[in-house]
Amino acid sequence: LQSHWASQNRLLLYIDFHSHASRAGCFFLANRFKSDAHAWNVAFARLCQINSPHFDLGGSEFSEYDEAEKECKDGLDKRGSGRVAVFKDCRVCHSYTLEVNYNKSKTANPFFIPAKGLPAWAE
């Protein structure tokens, strides 16, 4: 299904949601590119930082695509992760893993800009 949507230029974003206990906060794990695609990749993460009081852009990791084959602490590599697989198969630049701690965050995001004029239910 994803490959079909990608072939029609309908797959624009992939986010794999994870939760964990070892690292505080809310951040992205993402691919680093050697082209203009990396600027777009970081720009989306920056938009998340501006629009969320909890997102930590500084805690996000943009790893080289070549590093996906390197072994991690658990003995596995990143090739099995959703974001790497979707990028490899569908060539989707905006392919992220969103990591969120179970019960604690870092301090409030100082770059968050609250929207004005929203209905009460949206604030």
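Residues numbered from 1 in each chain as written. Predicted model: local features only at pLDDT ≥ 70, side-chain atom pairs only at ≥ 80, totals over all residues. Heavy atoms only, no water.

Undergrad: Whenever I open this one, the packing of aromatic side chains confuses me. Can you help?
TA: The description of an aromatic ring pair rests on the distance of the ring centres and on the angle between the ring planes. If you walk through the whole model with that rule in mind, you get five aromatic pairs. Ring centres of Phe 28 and Phe 44 lie 6.1 Å apart, and the angle between their planes is 25°; this geometry places the pair in the stacked category. Here Phe 28, found in strand β2 (residues 26–32), pairs with Phe 44, found in helix α2 (residues 37–51); they are 16 residues apart in sequence, far enough to count as distant. Looking at Phe 28, the relative accessible area reads 2%, which means it is buried. Consider the rings of Phe 33 and Phe 87, whose centres lie 4.9 Å apart with planes at 50°: the pair is tilted. Here Phe 33 is found in the loop between β2 and α2, whereas its partner Phe 87 is found in helix α3 (residues 82–90), with 54 residues between them in sequence. The same class applies to Phe 33 and to Phe 87, which are both buried. An aromatic cluster of at least three residues, connected via ring pairs, comprises Phe 28, Phe 44, Phe 55 and Tyr 96. Here Arg 23 stacks its cationic end above the ring of Phe 27, 3.9 Å away from the centre of that ring. (Phe/Tyr/Trp six-rings, centres within 6.5 Å; stacked < 30°, edge-to-face > 60°. Helix = DSSP H or I, 4+ residues; strand = E, 2+ residues; numbered from the N terminus. Buried < 20%, exposed > 50% of the residue type's maximum accessible area, 1.4 Å probe, protein only. Lys NZ or Arg CZ within 6 Å of the ring centre and 35° of its normal.)

Undergrad: Where do I start with the pairing of strand β3 (residues 61–64) in this structure?
TA: Residues in a regular strand point their side chains to alternate faces of the sheet. Across four bridges, the pairing between β2 and β3 is parallel. From the neighbouring strand, Leu 29 faces β3, where its bridge partner is Glu 61. (Pairing = 2+ DSSP bridges.)

Undergrad: Before we go on, may I ask you to explain α3 in this structure?
TA: Helical periodicity: at 3.6 residues per turn, an α-helix aligns residues three or four positions apart in one direction. All of the buried residues in α3 are Gly 82, Arg 83, Val 84, Val 86, Phe 87 and Cys 90. Looking at the buried residues of α3, the elements they touch are α1 (2–7), β1 (14–20), β2, β3 and β4 (95–101). Arg 91 sits one or two positions beyond α3 and adopts a positive phi of about 60°. (Contact = heavy atoms within 4.5 Å.)

Undergrad: Could you clarify how one ought to interpret the sheet that holds β1 in this entry?
TA: Within the open sheet, the four strands sit side by side as β1-β4-β2-β3. Their pairing is mixed. Each edge of the open sheet is held by one strand with a lone partner, namely β1 and β3. Averaged over all adjacent pairs, the angle separating strand axes in this sheet is 20°, with direction ignored. Against the sheet, α2 touches β1, β2, β3 and β4, its axis set at about 175° to β2. The sheet contacts of α3 involve β1, β2, β3 and β4, and relative to β4 the element is tilted by about 170°. (Axes fitted to C-alpha atoms, helices over the stretch in contact; angles between N-to-C directions.)

Undergrad: Hey, could you run me through the side chain of His 38 in this one?
TA: Structurally, His 38 is set in helix α2. Residue classification places His 38 among the buried residues on the basis of a relative accessible area of 14%. Reaching out from His 38, the side chain makes a polar contact with the backbone nitrogen of Phe 33 at a distance of 3.4 Å. Residues within four places of His 38 in sequence aside, it is in contact with Asn 31, Arg 32, Phe 33 and Phe 62. (Polar contact = N/O pair within 3.5 Å; in protein donor to acceptor, adjacent residues only side chain to side chain.)

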